[in-house]
Amino acid sequence: MNYEKLIENLTNRGFIAKIFDDENQMVEEMKKHIEKTESIGFGGSMTAAEINLTDKLLEEGYTVTTSKTTGLDYIEVARKNLNADVYVTSANAISMEGSLINIDGTGNRIGGTCFGPEKLFYVLGTNKVEETFEKALWRARNIAAPLNCKRLLRNTPCVKTGKCEDCNSPDRICRGFLVVERPLTRKTTYVYIIKKSLGL
Ligand code: SF4
């Protein structure tokens with residue numbers, strides 16, 4: 001995969017895009033664009049969890065809103081994060097043309113990505129990159145969503161078959177799709193890609 005071309009395509013679309021060899025390089029770059037006084041909200045990201053991003057920022061004195069730092073429950077934190085200064089999340093897939101795709105069940109990730117925080121960071125591994133938009137959509141539906149169902153112990157057919165069955169289960173997590181093709185108006189959007197397999 002030509003990642004330099006991906007960065008070029010993202011840049012041409014108005015994203016601030018960079019690629020890193022590892023998460024430590026990525027965090028150093030991220031820190032240059034966030035004030036310690038700015039509130040940082042996370043939109044459920046296994047990628048961020050895998051690289052311990054919350055702890056890394058907290059250790060450096062950044063203002064991160066989580067259940068642990070506030071004592072609030074998941075939904076209360078999700079609501080609060082819609083008004084954060086900075087939102088950090090990942091994507092289920094990204095196409096080489098530069099479209100970022102997310103599937104959401106609760107809608108908090110889609111909400112925080114679309115509106116509210118004026119700085120948005122997408123952090124993702126190279127495993128999320130697909131050649132075309134169609135392949136990226138397929139990945140989001142057939143790889144990311146079933147793996148998330150498995151992780152969340154959902155009673156959905158994809159947990160058994162390993163691919164999307166377009167179910168009608170009450171446990172279905174695929175309730176909203178968001179495709180971001182350009183940074184949303186009034187939202188400075190960073191796309192940071194790490195040369196590793198991260199997240200689902
Ligand atoms: S629509 Fe249903 S079967 Fe398909 S991935 Fe989502 S939860 Fe699984």
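Heads up: these notes are all about the structure in this document. (Residues numbered from 1 in each chain as written. Predicted model: local features only at pLDDT ≥ 70, side-chain atom pairs only at ≥ 80, totals over all residues. Heavy atoms only, no water.)

## Some points on the pattern of salt bridges
Moving on, step 1. This structure, assessed with the given rule, holds 10 salt bridges.
Moving on, step 2. Here Lys5 and Glu8 are joined by a salt bridge, their closest N and O atoms 3.4 Å apart. Taken together, the residues span about one helical turn, with Lys5 and Glu8 both in helix 1 (residues 3-12) at a distance of three residues.
Moving on, step 3. When its relative accessible area of 36% is taken as the criterion, Lys5 is described as partly exposed. (Salt bridge = Lys/Arg side-chain N within 4 Å of Asp/Glu carboxyl O. Helix = DSSP H or I, 4+ residues; strand = E, 2+ residues; numbered from the N terminus. Buried < 20%, exposed > 50% of the residue type's maximum accessible area, 1.4 Å probe, protein only.)

## Points about the nonpolar core
Moving on, step 1. Residues Met26, Met30, Ile40, Leu53 and Val88 are the most contacted members of the largest nonpolar core, which totals 21 residues.
Moving on, step 2. Counting residues per element, the ones that place at least two in this core are helix 2 (23-31), strand 2 (39-42), helix 4 (53-59), strand 4 (86-89), strand 7 (119-125) and strand 10 (188-194).
Moving on, step 3. Excluding its chain neighbours within four sequence positions, the residues that come into contact with Val88 are Met30, Ile40, Gly41, Phe42, Gly43, Leu53, Phe121 and Val123.
Moving on, step 4. Membership of the second largest hydrophobic core comes to 20 residues, among which are Ile7, Tyr87, Tyr122 and Val191. (Core = buried A, V, L, I, M, F, W, Y, C linked by side-chain atoms within 4.5 Å. Contact = heavy atoms within 4.5 Å.)

## Concerning helix 8 (residues 133-151)
Moving on, step 1. Relative to the 27 Å expected for 19 residues at 1.5 Å per residue, helix 8 spans 25 Å between its end C-alpha atoms, a close match to the ideal helical length.
Moving on, step 2. Taking the largest bend as the criterion, helix 8 deviates by roughly 30°, centred on Arg139.
Moving on, step 3. Those residues of helix 8 that fall on the buried side of the exposure criterion are Ala136, Arg139, Ala140, Asn142, Ala144, Ala145, Pro146, Asn148 and Cys149.
Moving on, step 4. In this fold, the buried residues of helix 8 make contact with strand 5 (93-95), strand 6 (100-104), strand 8 (129-130) and helix 9 (157-161).
Moving on, step 5. In the segment just after helix 8, Leu153 is the residue with positive phi, at about 55°. (Expected span 1.5 Å × (residues − 1). Bend = angle between axes of the 7 residues up to and from the residue.)

## Some remarks on the sheet that holds strand 9 (residues 176-180)
Sheet strands associate in pairs through backbone hydrogen bonding, adopting either a parallel or an antiparallel arrangement.
Moving on, step 1. The mixed open sheet is built from four strands, whose spatial order is 8-5-6-9. Since the sheet does not close on itself, it has two edges, and those belong to strand 8 and strand 9, each with one partner.
Moving on, step 2. Bridging between strand 5 and strand 8 involves two bridges; their strand directions are parallel. Within strand 8, the position partnered with Ile94 by the bridge is Val129.
Moving on, step 3. Contacting strand 5, strand 6, strand 8 and strand 9, helix 8 crosses the sheet at an angle of about 30° to strand 6. (Pairing = 2+ DSSP bridges. Axes fitted to C-alpha atoms, helices over the stretch in contact; angles between N-to-C directions.)

## A look at helix 6 (residues 74-81)
Moving on, step 1. Of the positions making up helix 6, those classed as buried are Val77, Ala78 and Asn81. Buried positions in helix 6, seen along its axis, are confined to an arc of 100° and lie on one side of it.
Moving on, step 2. The distance from a side-chain oxygen at the start of helix 6 to the backbone nitrogen of Ile75 is 3.1 Å, and the residue carrying that oxygen is Asp73. (Arc of directions from axis to C-beta. Polar contact = N/O pair within 3.5 Å; in protein donor to acceptor, adjacent residues only side chain to side chain.)

## Considerations on the sheet that holds strand 1 (residues 16-20)
Moving on, step 1. Spatial ordering of the open sheet is given by 1-10-7-4-2-3, a layout of six strands whose pairing is parallel. Sheet topology places strand 1 and strand 3 (63-65) at the edges, where each strand pairs with a single neighbour. Taking each pair of neighbouring strands and ignoring which way they run, the sheet shows an average axis angle of 20°.
Moving on, step 2. As paired elements, strand 4 and strand 7 share four bridges and run parallel to each other. Across the sheet, residue Val88 finds its bridge partner in strand 7, namely Phe121.
Moving on, step 3. Docked against the sheet, helix 2 engages strand 1, strand 4, strand 7 and strand 10, running at close to 165° with respect to strand 10.

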